[in-house]
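Spelled out, the chains give:
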Amino acid sequence: MSEKLSFVNPTANSPWGTYLSQVDRVVPYLGPLARWVETLKRPKRALIVDVPIEMDDGTIAHFEGYRVQHNMSRGPGKGGVRFHPDVTLEEVMALSAWMTIKTAAVNLPYGGAKGGIRVDPKKLSLQELEKITRRYTSEIGIIIGPHTDIPAPDVNTNGQIMAWMMDTYSMNTGGTATGVVTGKPLHLGGSLGRVKATGRGVFVTGREAARRLGMDLRGARIAVQGFGNVGSVAAELFAEAGAKIVAVQDHTGTIVNTNGLDLSKLIPVANKEGVIAFKGGDVVPNEAFWDTACDILIPAALEGQITAERAQKTTAKLVLEGANGPTVPTADDILAERGVLVVPDVICNAGGVTVSYFEWVQDFSSFFWDEDEINVRLDRIMMNALNQIWDTADKHKISLRTATYAVACERILMARQERGLYP
Ligand code: NAD
């Protein structure tokens, strides 16, 4: 972390800097609400915790963990927990802020939060993973809760980790608080459709964007970076709609097949060993991923992947941001100049938090819906939000990203104004 880090002084090319410049771009469209905009440029609360655990070999290891609550004007904090060796406070600040924008963009009654631990979970045994999860949950337990801040899965976290988080919080508070996290296994108050929800949202928004562009999904060539929960599900749904997945990249490398990769065979291999273990495509250097001829590009891995240089060379006409913050602002401008349509993260990948919201509602009412009902409601919320954003973009002749921020920031700042400043 930079010594100079403060809420308003981002380090160069950081996700937090990207977020701040995205907020600056929306100010001209906020009217009188612009006087409140500074509230979006700093988190409400940021907690750094020490997470010590005893490793299997008897040594004591210390990890750094974070939980940031960016804004709670519209409701409790909501956002995932990331386990990754590159996690920093500044990254978590940006991810929490994008959750504030996202929950407002789809009009869920939440604010934005995010958490993470700087750790490579692939180097931990199952017991160590459980210990680090439980100790982290206990440390952030002073600020999370079913009515205050509700974590969920993100990169390298899953239903099992959510189950440990729910159990730890419940043990510490003396009940069974299923509503404290979402993305839980089904028999612990999880929701049908949650695992596939983010990828499904990427598909639903992408299908509508393609329709508006006059692009036929049948035969459309798609390149997907990141083949985990988000990337693989989105790829599957596009393939079912007749598209060809021509390139896939994950942390092990990149594979390409111009005739289309066979996903039914690729997914099990990718889940076990990574995509380069798959024999049905050519392994190419990672940078070649961005040169692959494609119509749709789906970044679904980490932040900052679409740089100015990569934006210049992609052949895609449509970018669907499955990941959070994959496009740096200079690249955003280049894509716009080149006529490439970007469906921004804060709407494109909002399917996950939308079904998380359904899960939370179901937990509170102790009444569970079937998968059809979930998917119908999800599609309706995503389409309503996208159409409203599209109208705003057309009205002001601005990008979908700035339009999403305009719609979302108006909701957040209106709530802020109506609540007034305490004391
Ligand atoms: P995941 O852990 O299931 O998968 C991440 C994928 O990215 C893996 O295939 C991994 O191999 C790949 N990856 C990691 N580092 C990489 C690198 N340097 N180059 C190329 N690939 C790399 O995570 P996920 O849940 O699919 O999340 C992916 C993105 O989507 C993140 O930006 C996350 O914040 C965002 N997101 C996730 C959800 C959700 O519900 N899971 C919701 C909204 C947004």
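Residues numbered from 1 in each chain as written. Predicted model: local features only at pLDDT ≥ 70, side-chain atom pairs only at ≥ 80, totals over all residues. Heavy atoms only, no water.

Caption draft 1: Spatial organisation of the site of the ligand. Asp154, Thr198, Phe227, His251 and Asn324 are the nearest of the 22 residues found near the ligand. Residue Val230 places a main-chain N or O atom 2.9 Å away from an oxygen atom belonging to the ligand. At 3.4 Å from an oxygen atom of the ligand is found a main-chain nitrogen or oxygen belonging to Gly322. When the ligand is considered free in solution it has 830 Å² of accessible area, and contact with the protein chains removes 84% of it. Of the residues that make up the shell around the ligand, three or more belong to each of domain 1 (44–175) and domain 2 (197–348). (Near = heavy atom within 4 Å. Polar contact = N/O pair within 3.5 Å; in protein donor to acceptor, adjacent residues only side chain to side chain. Areas by Shrake-Rupley, 256 points an atom, 1.4 Å probe, with all protein chains shown as cover. Domains from an automatic or database assignment.)

Caption draft 2: Spotlight on the side chain of Gln69. On the secondary structure map, Gln69 appears in strand E2 (residues 60–71). A polar atom in the side chain of Gln69 sits 3.0 Å from the backbone oxygen of Ile143. At 2.9 Å, the side chain of Gln69 and the side chain of Asp149 are in polar contact. Sequence-distant contacts of Gln69, that is, excluding residues within four places in its chain, are made with Pro43, Lys44, Arg45, Gly112, Ala113, Ile143 and Asp149. (Helix = DSSP H or I, 4+ residues; strand = E, 2+ residues; numbered from the N terminus. Contact = heavy atoms within 4.5 Å.)

Caption draft 3: Seen up close, the sheet that holds strand E1 (residues 45–54). With respect to topology, five strands assemble into an open sheet ordered E1-E2-E4-E3-E5, the strand pairing being mixed. Strands at the two margins of the open sheet, each flanked by one partner only, are E1 and strand E5 (149–153). Averaged over all neighbouring strand pairs, the angle between strand axes comes to 25 degrees, with direction disregarded. In the sheet, E2 pairs with strand E4 (residues 112–118) via six bridges, with the strands oriented antiparallel. For Val68, the partnering residue across the bridge sits in E4 and is Lys114. (Pairing = 2+ DSSP bridges. Axes fitted to C-alpha atoms, helices over the stretch in contact; angles between N-to-C directions.)

Caption draft 4: Structural detail: the pattern of salt bridges. Applying the stated criterion across every chain, the model contains 31 salt bridges. A salt bridge links Arg82 to Glu303; the shortest N-O distance between them is 2.6 Å. Taken together, the residues span a long stretch of sequence, with Arg82 in strand E3 (residues 77–84) and Glu303 in the loop between strand E10 (296–299) and helix H8 (308–313) at a distance of 221 residues. Owing to a relative accessible area of 12%, Glu303 belongs among the buried residues under this scheme. A salt bridge links Glu287 to Arg310, with the shortest nitrogen-to-oxygen separation between them at 2.7 Å. One end of the pair, Glu287, is in the loop between strand E9 (282–284) and E10; the other, Arg310, is in helix H8, and 23 residues separate them in sequence. Here the residues in one salt-bridge network are Arg82, Glu91, Lys114, Asp154 and Glu303, joined through shared partners. (Salt bridge = Lys/Arg side-chain N within 4 Å of Asp/Glu carboxyl O. Buried < 20%, exposed > 50% of the residue type's maximum accessible area, 1.4 Å probe, protein only.)

Caption draft 5: Up close: the nonpolar core. With 61 residues, the main nonpolar core has Phe227, Phe238, Val248, Leu266, Ile298, Leu318 and Leu320 as its most contacted residues. Considering each element in turn, this core owes the most residues, eight residues, to helix H12 (residues 371–396). Of the domains in this structure, domain 1 (44–175) and domain 2 (197–348) are the two that each give at least three residues to this core. In this structure Leu266 touches Phe227, Val248, Ile255, Leu261, Val275 and Phe278, once residues within four positions along its chain are discounted. Counting 30 residues, the second largest nonpolar core, distinct from the first, contains Leu89, Met93, Val346 and Ile412. (Core = buried A, V, L, I, M, F, W, Y, C linked by side-chain atoms within 4.5 Å.)

Caption draft 6: Structural view of the packing of aromatic side chains. Using the criterion set out here, one finds nine aromatic pairs in the structure. Ring geometry for Phe289 and Trp290: centres 4.9 Å apart, planes at 85 degrees, overall edge-to-face. An identical accessibility class is assigned to Phe289 and Trp290; each is buried. Geometrically, the ring pair formed by Trp360 and Phe364 is edge-to-face, given 5.1 Å between the ring centres and 85 degrees between the ring planes. With Trp360 and Phe364 both in helix H11 (residues 351–365) and four residues apart, the pair spans about one turn of that helix. In this structure Trp360 comes out as buried when scored by relative accessible area, which is 11%. The aromatic ring of Trp390 is capped on one face by Arg212, whose charged end is 4.3 Å from the ring centroid. Taking NZ or CZ as reference, Arg377 lies 4.5 Å from the ring centre of Trp369, over its face. (Phe/Tyr/Trp six-rings, centres within 6.5 Å; stacked < 30°, edge-to-face > 60°. Lys NZ or Arg CZ within 6 Å of the ring centre and 35° of its normal.)

Caption draft 7: Structural context of the pairing of E4. When you tally the buried positions in E4, you get six out of seven residues, the bulk of the element. Two strands pair when backbone bridges link them, and E3 and E4 are joined in this way by four bridges, in the parallel orientation. From the neighbouring strand, Arg82 faces E4, where its bridge partner is Gly116. Crossover connection from E3 via helix H2 (residues 89–105) to parallel E4: handedness right-handed. (Right-handed = clockwise from strand over helix to strand, strands pointing away.)

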